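Analysis of the macromolecular model
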Amino acid sequence: MPIDVAAIRTEFPTLAREVRGERLVYLDSAATSQTPEAVLAAMERYYRTSRSNVHRGVYLLAEEATDAYEGARTALARLVGADPRGVVFTKNATEACNLIAYGYVRRTLGPGDALLCTVMEHHANMVPFVHAANDRGFEVRYVPVTEDGHLDLAEAARLVADGRVRFAAFTHVSNTLGTINDVPGLAALVRDANPDAVVHVDGTQAVPHLPVDVAALGVDSYALTGHKMFGPTGIGALVADPALLERMEPMLTGGEMIRDVTLTGATWNDVPHRFEAGTPMIAEAAGLTAAVAFLEELGPDAVRAHEVELGATFLAALADADGITVHGPTTMAERGAAISFSVDGVHPHDVGAMLDARGVCVRVGHHCCKPLMRELGINATVRASLHVYNDADDLEPLLDGLAAARAMFAVGRSA
Amino acid sequence: MGELDALYEEIILDHYRSPRNRAPGLSGEDAQVHHSNPLCGDELDVRIRIRDGVLDGLAYDGDGCSISLASASAMSVAVLGRPVEDVLGLVEEFRLMMHGEQPGRADDLGDSMVFEGVARFPVRVKCALLGWMALRDAIDTFRRGDDANDVTHEDQHE
């Protein structure tokens, strides 16, 4: 069923408010999405009726809390085509990337080994591995980005050719360029050179917007976060092959994650619980289950179709506007709906201020992609990102603000 | 749009469109500093020349938003030709003003007084302060006997 934006908008309370006397135009879902009523209700239900701790409780409330928490694992696994035993809850995608960096990469790679990363990564999927490389003495190799905003797969093939790449980390969809990467293609390329290599993908910007099936993608590990897919903040996941999790050490230790403890040591619980020390985010898990149901009800294919259509409208309008340069792929077939651009002669911060005065929320800055910014030769961009509650009505206030910014700052400037 | 007018006063836009003392170099400079704010991507170079205890030369260049570049421009006009101690006093007046206090030397701050309204926009305060903090650092650098320094502002300037 096609996306009915007007109906969907009524489910998001934030979208009903005004900002500075203007209709709220929320174009920052790549940073965080808005929350539908169903997610708010699920979290409230836990706090109002089932509040108790998970696991080991022998009373009804604790059973309900455990069901709420474990139900999120099942729901998320179903959404992305994974085994629930491979779903480790983390506080966000950054922690998921750190979990594989600490639990696997740091314990496995050393001098003489190499890790493949890309120039377009969000810091979350780069810094944990660079940090590990500096401590452990292995090499990090970067797949460059082509002029048109794609990963250079020919260069990637050269980078893995010597068979020393034992781990690869790259993003499914770029948070800055919007590029949808050829995940199976790059994964196959890495494994052709070294069949034992582990492939880790950052799916933060993919799961909220596209149908994702981790089994079909052929990856070993996949990071995602709840707050960009209509869920609450504070919950994300590392979705990994349970066999890989078995080979990993925990990053955090303590309660919940043990099988037995003595005064001199401990044995670990089964996966995935071994990686979830301490009382987890129970209300957030309940909210995430509702967010998954919300996405499933809309249908990931319908979400993608809506964004392809609306994204094309935005891309065409930005291409027609004076002094706007869009970064990244130019057709929606190659990209998601996070659209970064520069406004000629106007700093992104000033663009952001002009748009804010019109109730338009965009993100300005380096988008946690400083190496990519250097590659593009700029310090910052403006990024407008779309989701199911956006429609063509959101375009006019954006274009109006951009024109006003050009008129105020770019015209008549002598330096 | 009323809010926005306080941020983008006509004098600020004038300094942004027609910057004073913006130049890539300064002949016979004594110290140069590079200050950046990774959060918003502002980059600023400030070069100073000090003769007989007087700030007799200042040039700046960089890439930044209108607030940071206009503030550096207005600052250059306010401080050039003043004794170094006097300059540091003005830096402190401006810093206090950006933290919401009433500045004591309105006449000496000149055009820089219009940045008073920026104090109401917490995320932009660091932009307005960038040039002034770079100038203070350039003077410190010179006094230490160094000729260059590089500073990254991770958070709010102080």
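Notes on the structure follow. (Residues numbered from 1 in each chain as written. Chains lettered and ligands numbered in written order. Predicted model: local features only at pLDDT ≥ 70, side-chain atom pairs only at ≥ 80, totals over all residues. Heavy atoms only, no water.)

Notes on the environment of Val77 of chain B
Residue and element names in this part refer to chain B. Rule in force here: Segments assigned H or I by DSSP are reported as helices when at least four residues long, segments assigned E as strands when at least two residues long, and all are numbered from the N terminus. Note on definitions: a residue-residue contact is assigned when non-hydrogen atoms from the two residues lie within 4.5 Å.
Tracing the backbone shows Val77 in helix α3 (residues 66–79). Separated by 31 residues in the primary sequence, Val77 and Asp108 have C-alpha atoms spaced 9.9 Å apart. Ignoring sequence-local partners within four residues, the contact set of Val77 consists of His15, Arg20 and Asn21.

As for a nonpolar patch on the surface
Threshold: Patch membership requires more than 30% relative accessible area and the absence of a salt bridge. Residues of like charge join within 9 Å; the nonpolar side chains Val, Leu, Ile, Met, Phe, Trp and Tyr join within 5 Å. Surface accessibility follows the Shrake-Rupley procedure with a 1.4 Å probe radius. Residue values consider only the protein chains on display as shielding. When a carboxyl oxygen of Asp or Glu lies within 4 Å of a side-chain nitrogen of Lys or Arg, that pair is called a salt bridge.
Taken together, the side chains of Val58, Tyr59, Leu60 and Leu61 of chain A make up a nonpolar region of the molecular surface, amounting to roughly 430 Å² of accessible area. Along the chain, Leu60 of chain A turns up in helix α3 (residues 60–80).

So, the interface of chain A and chain B
Which entries qualify depends on this criterion: Pairing of N or O atoms within 3.5 Å defines a polar contact, subject to two protein rules: one partner must be a possible hydrogen donor and the other a possible acceptor, and residues neighboring in sequence count only if both atoms are side-chain atoms.
Taken together, the contact pairs 23 residues of chain A with 24 residues of chain B. For the pair chain A and chain B, the number of links is 1 salt bridge. One salt bridge in this structure joins Arg124 of chain B and Asp350 of chain A, with 3.0 Å as the shortest N-O distance. Connecting chain A to chain B are 7 residue pairs in polar contact (both at pLDDT 80 or more). At the level of secondary structure, the elements contributing two or more residues to the side of chain A that touches chain B comprise α12 (348–356) and α14 (395–410) of chain A.

Remarks on the layout of surface pockets
All names here are of chain A. In plain terms, the rule: Grid spacing is 1 Å over the protein atoms alone, the probe is 1.4 Å, and a cavity is where that probe fits but cannot get out, while a pocket is an open set with protein on both sides within 12 Å along at least five of seven lines and lining residues have an atom within 4 Å of a point. Grid points are joined across faces, edges and corners, and a volume is the space filled by probe spheres set on the points. Either an automatic procedure or a domain database provided the assignment from which the domain bounds are taken.
Space inside the largest pocket adds up to approximately 1000 Å³. Taken together, 45 residues form the lining of the largest pocket, with Ala31, Val362, Arg363, Val364 and Gly365 sitting closest to its centre. Each of domain 1 (5–31 + 299–410) and domain 2 (40–296) gives at least three residues to the lining of the largest pocket.

Let's talk about the sheet that holds strand β14 (residues 338–343) of chain A
Residues and elements named next belong to chain A. Here is the rule we go by: Think of it this way: DSSP has to see at least two bridges between two strands before they count as a pair. Here the axes come from fitting lines to C-alpha atoms, over the contacting stretch only for helices, and the angles between their N-to-C directions go from 0 to 180 degrees.
Sheet architecture is open: 4 strands sit in the order β13-β14-β17-β16, paired in antiparallel fashion. Both outer strands of the open sheet, β13 (324–326) and β16 (363–365), are each paired with one neighbouring strand and no more. Going across the sheet, the axis of each strand differs from the next one's by a mean of 30°, ignoring polarity. Relative to β14, β13 runs antiparallel, the two sharing 3 bridges. Note that in β14 the partner of Ile324 across the bridge is Val343. Strand contacts of helix α11 (residues 300–320): β13 and β14, with the helix running at about 10° to β14, the strand carrying the most contacts.

Describing the side chain of Ser73 of chain B
Take Ser73 of chain B: it is sitting in helix α3. Not counting the four nearest positions on each side in its chain, Ser73 of chain B is found in contact with His15, Pro19, Arg20 and Tyr60 of chain B.

Observations regarding α12 of chain A
How we decide: Per-residue accessibility, obtained with a 1.4 Å probe over protein chains only, is compared with the maximum for each type, and a residue is labelled buried under 20%, exposed over 50%, and partly exposed between these values.
Most of α12 of chain A sits inside the fold, with 8 of its 9 residues counted as buried. Regarding α12 of chain A, the residues found buried are Pro348, His349, Asp350, Val351, Gly352, Ala353, Met354 and Leu355 of chain A.

Brief notes about the nonpolar core
So the rule is basically this: Side-chain atoms within 4.5 Å are what join buried Ala, Val, Leu, Ile, Met, Phe, Trp, Tyr and Cys residues into a set we call a nonpolar core.
Counting residues in each nonpolar core, the largest one holds 81 residues, and the members touching the most others are Phe341 and Leu398 of chain A together with Tyr8, Ile48, Ile67, Phe115 and Leu135 of chain B. For this core, the element with the most residues is helix α6 (residues 122–144) of chain B, which contributes 11 residues. Setting aside its immediate chain neighbours within four residues, Leu398 of chain A contacts Leu27, Phe314, Phe341, Leu355, Val360, Val362 and Ala384 of chain A.

Comments concerning α14 of chain A
Let me state the cut-off plainly: Residue count minus one, scaled by 1.5 Å, sets the expected span of a helix.
With 16 residues, α14 of chain A ought to run about 22 Å at 1.5 Å a step, and its terminal C-alpha atoms sit 21 Å apart, in line with that. For α14 of chain A, the complete set of buried residues consists of Leu395, Pro397, Leu398, Gly401, Leu402, Ala404, Ala405, Met408 and Phe409 of chain A.

Regarding the sheet that holds strand β8 (residues 198–202) of chain A
One key point about sheets: their strands pair by backbone hydrogen bonds, in either a parallel or an antiparallel sense. Residue and element names in this part refer to chain A. The strand order β4-β10-β9-β8-β7-β5-β6 describes an open sheet built from 7 strands, whose pairing is mixed. Only two strands of the sheet have a single partner each, and these edge strands are β4 (87–90) and β6 (139–143). Across the sheet, the axes of successive neighbouring strands diverge by a mean angle of 20°, strand direction being ignored. Note that strand β9 (residues 221–225) and strand β10 (residues 236–240) share 5 bridges and pair antiparallel. Bridging from a neighbouring strand, Ala223 pairs with Leu238 of β10. Contacts from helix α7 (residues 183–193) reach β5 (114–118), β7 (165–171) and β8, with the element oriented near 170° to β7.

Here we look at unusual backbone geometry
With omega at 0°, the peptide bond leading from Val271 of chain A into Pro272 of chain A counts as cis. Position of Pro272 of chain A relative to the elements: it lies in the loop between β12 (265–268) and α10 (282–298). Even without glycine at this site, Asn21 of chain B takes up a positive phi of about 60°. For Asn21 of chain B, the location among the structural elements is in the loop between α2 (10–17) and β1 (31–37). A relative accessible area of 32% means that Asn21 of chain B is categorised as partly exposed.

Describing empty space enclosed by the protein
Where empty space is left becomes clear once a probe the size of a water molecule has been rolled over the atoms. Residue and element names in this part refer to chain A. Heads up, the condition is: Put simply, Ala, Val, Leu, Ile, Met, Phe, Trp, Tyr, Cys and Pro go in the nonpolar bin, Asp, Glu, Lys and Arg in the charged bin, and everything else, Gly too, in the polar bin.
The full count for this structure, using the stated rule, is 2 cavities of 30 Å³ or more. Its boundaries defined by the atoms lining it, the largest cavity holds a volume of some 80 Å³. For the largest cavity, the full set of lining residues is Ser29, Ala30, Val173, Ser174, Gln205, His209, Glu307, Gly336, Ala337, Ala338, Ser385 and Leu386. For the lining of the largest cavity, the class distribution of residues is 5 nonpolar, 6 polar and 1 charged. No fewer than three residues from each of domain 1 (5–31 + 299–410) and domain 2 (40–296) sit in the lining of the largest cavity. Taken as a whole, the second largest cavity spans an internal volume of roughly 50 Å³. Taken together, His55, Tyr69, Glu256, His273, Glu276, Gly278 and Pro280 make up the lining of the second largest cavity. Of the residues in the lining of the second largest cavity, the class split is 2 nonpolar, 3 polar and 2 charged.

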